[in-house]
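# Breakdown of the fold
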Amino acid sequence: MEEQCSIKNILHVEMEIPQNKISKFWEGLKEGKLLATKCKKCARIFFPPTADCPSCYSSDMDWIELNGNAELITWTVIHVAPKSFSEHSPYIIAVAKLEEGPKVMAWLSDVKPEDIKPRMELKLVAKRFYEEKLIYCFTPAHARPLS
Ligand SMILES: [Zn+2]
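Procedures and definitions
Residues numbered from 1 in each chain as written. Predicted model: local features only at pLDDT ≥ 70, side-chain atom pairs only at ≥ 80, totals over all residues. Helix = DSSP H or I, 4+ residues; strand = E, 2+ residues; numbered from the N terminus. Rg over C-alpha atoms; globule rule 2.2 N^0.38 Å. Contact = placed C-beta atoms within 7 Å. Core = buried A, V, L, I, M, F, W, Y, C linked by C-beta atoms within 7 Å. Buried ≥ 20, exposed ≤ 12 C-beta atoms within 10 Å, placed from the backbone. Domains from an automatic or database assignment. Nonpolar A, V, L, I, M, F, W, Y, C, P; charged D, E, K, R; others polar.

## Considering the overall build of the protein
Assigned secondary structure in the protein consists of 1 helix and 8 strands. Put simply, the protein runs from its N terminus to its C terminus through helices and strands in the order α-β-β-β-β-β-β-β-β. Computed over the C-alpha atoms, the radius of gyration of the protein is 20 Å, more than 25% above the 15 Å expected from 2.2 N^0.38 for a compact globule of 147 residues. Expressed along its principal axes, the backbone C-alpha trace of the protein runs to roughly 70 × 40 × 30 Å. Counted over contacts in the protein with a minimum sequence separation of 6, partners at least 24 positions apart contribute 48%.

What follows is the structure in structure tokens.
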């Protein structure tokens, strides 16, 4: 019988993802603006923005401001949340199609799950997440924010 022999190594991986090419997105968010990138070569629009076009590999991008208008495609209510979000559950995650084309996944706030309707009009907005991080999320287009 052959004896099993092994060496246990723990590998630590550290990554740094440069944000300087899309820093304009974060600056815009602070001012309540939703900025996307548009490929100058193939005209595709990306949100969240990408510095390089994953479609035609061009790095020649324009910045455009989105109007935030979106139509709900699908949603789910999260009851069993990951540990870091457990204090916020239940919460709603939605996928909606922006008027400019891209489909975006984000939190849907200011609405009760029972009031959500397929294809309802939403607005993508910049928002402080529980007074901490700045994020973007969906809110019903014709509802007053609960704030
Ligand atoms: Zn392109």
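Back to the write-up after that little detour.
## Describing the nonpolar core
Counting residues in hydrophobic clusters, the biggest one holds 19 residues, and the most contacted among them are Ala70, Ala96, Val104, Ala106, Leu122, Leu124 and Phe138. The set of elements that each furnish at least two residues to this core consists of β4 (69-78), β5 (91-98), β6 (103-108), β7 (121-128) and β8 (134-140). In terms of domain composition, this core takes at least three residues from each of domain 1 (19-65) and domain 2 (68-142). Leaving out residues up to four positions away in the same chain, Val104 has contacts with Phe47, Ala70, Ala96, Leu98 and Leu124.

## Things to note about the domain arrangement of the protein
Structurally, the protein comprises domain 1 (19-65) and domain 2 (68-142). Between domain 1 and domain 2, the C-alpha centre-to-centre distance is 21 Å. At the interface, 8 residues of domain 1 touch 10 residues of domain 2. Of all the elements in the fold, those that place two or more residues in the side of domain 1 that touches domain 2 are α1 (23-30) and β2 (45-46). Here the residues of the side of domain 1 that touches domain 2 sort into 6 nonpolar, 1 polar and 1 charged.

## Brief notes about the environment of Ser23
Among the secondary structure elements, Ser23 is positioned in helix α1. On the basis of neighbour count, Ser23 is assigned to the exposed category, with 10 C-beta atoms found within 10 Å. The spatial distance from the C-alpha of Ser23 to the C-alpha of Pro49 is 9.9 Å, given a sequence separation of 26 residues.

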